[in-house]
Each structure stands twice: as structure tokens, then as C-alpha cells.
Amino acid sequence: MTDIDPSQREPRSSVIIRAGLELPGGTVERRVRNLSRLGACVDQEGELVTGTTITLALGSIRDLKAEVMWTKPQLAGLRFHQPVNLDDARKPRRAGTVTKAGWMANMDNAYRRVG
């Protein structure tokens, strides 16, 4: 891993965005704390390992590849393989999400019980 000169790093914006990280055990939802076109800082629970490549869904972007550059007990730094469009990364991840519990799960069921 090479050290990045802080003067060369793109500015990052503080954000509150949820990302889906595809890991060997399945997909987990994690909070993105800051974001730039080339990387992000995400919450983690010890599942990310420095030097590995992961795939994530961020906003309307799917199959985004990133390398885990560093980890701390509750945070990890990611470097995207390709620059991302920040507007697309900030869009809500509605498409492809499926509600599995609560009253929203039956919203489109014509035979749902009402009342």
C-alpha cells in the first residue's frame, strides 16, 4: 500500500448514505461517512480486510468495485477502481430493494387484508 499525499487527495464530503457491501457471507448494509469521486469511508464490524477487493451498491450505482485501503475497529477506507458520479452515488437506492417485513411488504398484494 502506498501512502497518499494529503495535498493530492480529492476533497471528501461528509454524508449519510447507506451502501450494500457484498461480502463472502452475503450482503451487509453499512453507513458511508464521507465520499469523494475516488473513495469513501464506511462503517464496518470487522468484516473488511485491508488489501481485499469488494463490490458495493452505492446510490444508483451497482457493482462498484473498491479496494479496502485501511481498516480500524469500526471504520474502513475504500478506493474505487473507477471514479464515480457523486450525484448517482447520492441517489436513494430504491430500485432493487425488497421490503420483507411490516405493512410495506404487502403493499402491492391485491389480496392483502385491510382493517
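Residues numbered from 1 in each chain as written. Predicted model: local features only at pLDDT ≥ 70, side-chain atom pairs only at ≥ 80, totals over all residues. Heavy atoms only, no water.

Peer 1: Can you walk me through the pattern of salt bridges in this structure?
Peer 2: If charged atoms from side chains of opposite charge come close, those side chains can pair. By the definition in use, this model includes five salt bridges. A salt bridge links Arg 30 to Glu 47, with the nearest nitrogen and oxygen atoms 3.1 Å apart. Remark: Glu 47 occurs in the loop between β3 (39–43) and β4 (53–58) and Arg 30 occurs in strand β2 (residues 26–35); sequence separation between them is 17 residues. On the accessibility criterion, Arg 30 (12% relative accessible area) is buried. The partner of Asp 88 in a salt bridge is Lys 91, and the shortest N-O contact between them spans 3.4 Å. Taken together, the salt bridges that share partners define one network made up of Arg 30, Glu 45 and Glu 47. (Salt bridge = Lys/Arg side-chain N within 4 Å of Asp/Glu carboxyl O. Helix = DSSP H or I, 4+ residues; strand = E, 2+ residues; numbered from the N terminus. Buried < 20%, exposed > 50% of the residue type's maximum accessible area, 1.4 Å probe, protein only.)

Peer 1: Is there a simple way to think about the sheet that holds strand β6 (residues 75–80) in this case?
Peer 2: Sheet strands line up and pair through hydrogen bonds in the backbone, either parallel or antiparallel. Reading around the circumference, β1-β2-β3-β6-β5-β4 is the order of the six strands in this closed barrel, with antiparallel pairing throughout. The average angle at which neighbouring strand axes cross in this sheet is 45°, direction not considered. As defined by bridge partners, β3 adjoins β6 across five bridges and the pair is classed as antiparallel. The residue bridging Asp 43 from the neighbouring strand is Leu 75, located in β6. (Pairing = 2+ DSSP bridges. Axes fitted to C-alpha atoms, helices over the stretch in contact; angles between N-to-C directions.)

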